[in-house]
Amino acid sequence: MSHAIEVSHLSKSFGEVHAVRDLNFTAQPGRVTGFLGPNGSGKTTTLSMLLGLAHPDAGTATIGGMPYAQLDRPALTVGAALSANFHAAHTGRAHLDIARRAIGAPETRVAEVLGLVGLSDSANRKAGGYSLGMRQRLALATALLGDPDVLVLDEPVNGLDPEGIRWIRLFLRHLASEGKTVLLSSHLLSEAQHTVDDLVVIRRGELMFAGPLNDLQSGARTVFVNTAAEHRAALVAALTAAGGTVGTEWGKRRHAAEPVISTAPIGVTGLDADQVGLIAFAAGVALSHLSAPEAELELSFLELTGDAADTVAEGARS
Ligand SMILES: Nc1ncnc2c1ncn2[C@@H]1O[C@H](COP(=O)(O)OP(=O)(O)OP(=O)(O)O)[C@@H](O)[C@H]1O
């Protein structure tokens, strides 16, 4: 049985607030899917409906074709980490043992998941003294107790230090390589972009983008190239002929009759860096510069989710 997550025409309002509006996306086994949007865009509401914690007004959210509530053994199929809050007086180990009993996982599983998330040495400390990063690890350990095929994680990277971020990236990629379906939410693309294969971007409850991360990258990415002045026209012509869109050339001229002389890099969209390099080579043009800055991805994310001010304002509300 395939354990894909499928969200179809999902909607939910709280009074006047349309938290989720006619949302459609899938998350596939063997892939890490990032569920992204600014604060307040409806991510937690969607995940809550997927996990049977909230009722949709319309539409469905299914796992392997079934709503969570109808799954045969839900906790052994889906592992969820919606918040990293734990009883402060319980040790990490005690917390896991209680959760383990509730879902009927074997006793040996507690030590296994502690080891998997790197918490073995802190297992006997009270969770109240855990750092946010340690609480995130404990939440992940809890989600893994039933050795589920599907993981649903709400902001799992939030609060992790750079080493923790690196660790969780590798860990989630490893889980996906075992064929698991991993869906993680984040409000920061920079946190998610090195972890995810696929992206679902929402804004104010509505779908803005769903597809492989590369599609978002290539769709909006500008490649910058430069060459000696005498090859500039040939390069622009070759790139344009290959289907690229060449950005405005800013240049200087000392008087109106003189041609524009520009030395600024040329911005190209619609072609990736490899293609641009090959086209220049085929045209016999030696490039003095070729780059495809990653910031463009962040820019296209901001375009999808609203302008920067909008994003900050939404963040401030939560
Ligand atoms: N129980 C509730 N009652 C009323 N409004 C709610 C409730 N839950 C969520 N909302 C509203 O629905 C919208 C979506 O909230 P949600 O928590 O799903 O967003 P989010 O993307 O998860 O945000 P964050 O990243 O801040 O957790 C927000 O406007 C929020 O205020």
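To be clear, the structure that these remarks concern was listed above.
As the structure is a prediction and not an experimental result, all values here were calculated from the model.

Caption draft 1: Highlighting the site of the ligand. Close to the ligand lie 13 residues, the nearest being F14, A19, N39, T44 and T45. Looking at which element gives the most residues to the shell around the ligand, the answer is helix α1 (residues 43–50), with 3 residues. Looking at the shell around the ligand residue by residue, the class counts come to 3 nonpolar, 9 polar and 1 charged.

Caption draft 2: Focus on the sheet that holds strand β12 (residues 266–269). Strand order in the open sheet formed by 4 strands is β11-β12-β10-β13, and the pairing between neighbours is antiparallel. If you trace the sheet from one side to the other, it starts and ends with β11 (245–246) and β13 (287–291), each paired once. When β11 meets β12, the two strands line up antiparallel, connected through 2 bridges. Of the residues in β12, the one forming a bridge with V246 is V268.

Caption draft 3: Seen up close, the sheet that holds strand β4 (residues 58–63). Strand order in the open sheet made by the 3 strands is β2-β1-β4, with antiparallel pairing throughout. Across the chains shown, the open sheet's two edge strands, defined by having one partner strand only, are β2 (17–27) and β4. Ignoring strand direction, the axes of neighbouring strands in this sheet form an average angle of 20 degrees. Strand direction decides the pairing type here: strand β1 (residues 5–14) and β2, joined by 7 bridges, are antiparallel. Pairing of L10 across the sheet is with L23, part of β2.

Caption draft 4: Representation of unusual backbone geometry in the model. Of note, D22 is a non-glycine position whose phi angle comes to about 45 degrees, a positive value. Relative to the assigned elements, D22 resides in strand β2.

Caption draft 5: Structural detail: helix α9 (residues 232–241). Of all the residues in α9, the buried ones are R232, L235 and L239. Taken around the axis of α9, the buried residues stretch over an arc of 65 degrees, which confines them to a single face. In α9, the exposed residues that point more than 90 degrees away from the buried face are A233 and A241. Where α9 is buried, its residues meet β10 (222–227), β11, β12 and α10 (273–282).

Analysis parameters
- Residues numbered from 1 in each chain as written.
- Predicted model: local features only at pLDDT ≥ 70, side-chain atom pairs only at ≥ 80, totals over all residues.
- Near = placed C-beta within 6 Å.
- Helix = DSSP H or I, 4+ residues; strand = E, 2+ residues; numbered from the N terminus.
- Nonpolar A, V, L, I, M, F, W, Y, C, P; charged D, E, K, R; others polar.
- Pairing = 2+ DSSP bridges.
- Axes fitted to C-alpha atoms, helices over the stretch in contact; angles between N-to-C directions.
- Buried ≥ 20, exposed ≤ 12 C-beta atoms within 10 Å, placed from the backbone.
- Arc of directions from axis to C-beta.
- Contact = placed C-beta atoms within 7 Å.

Remember, this is a structural readout, not a statement about activity or role.
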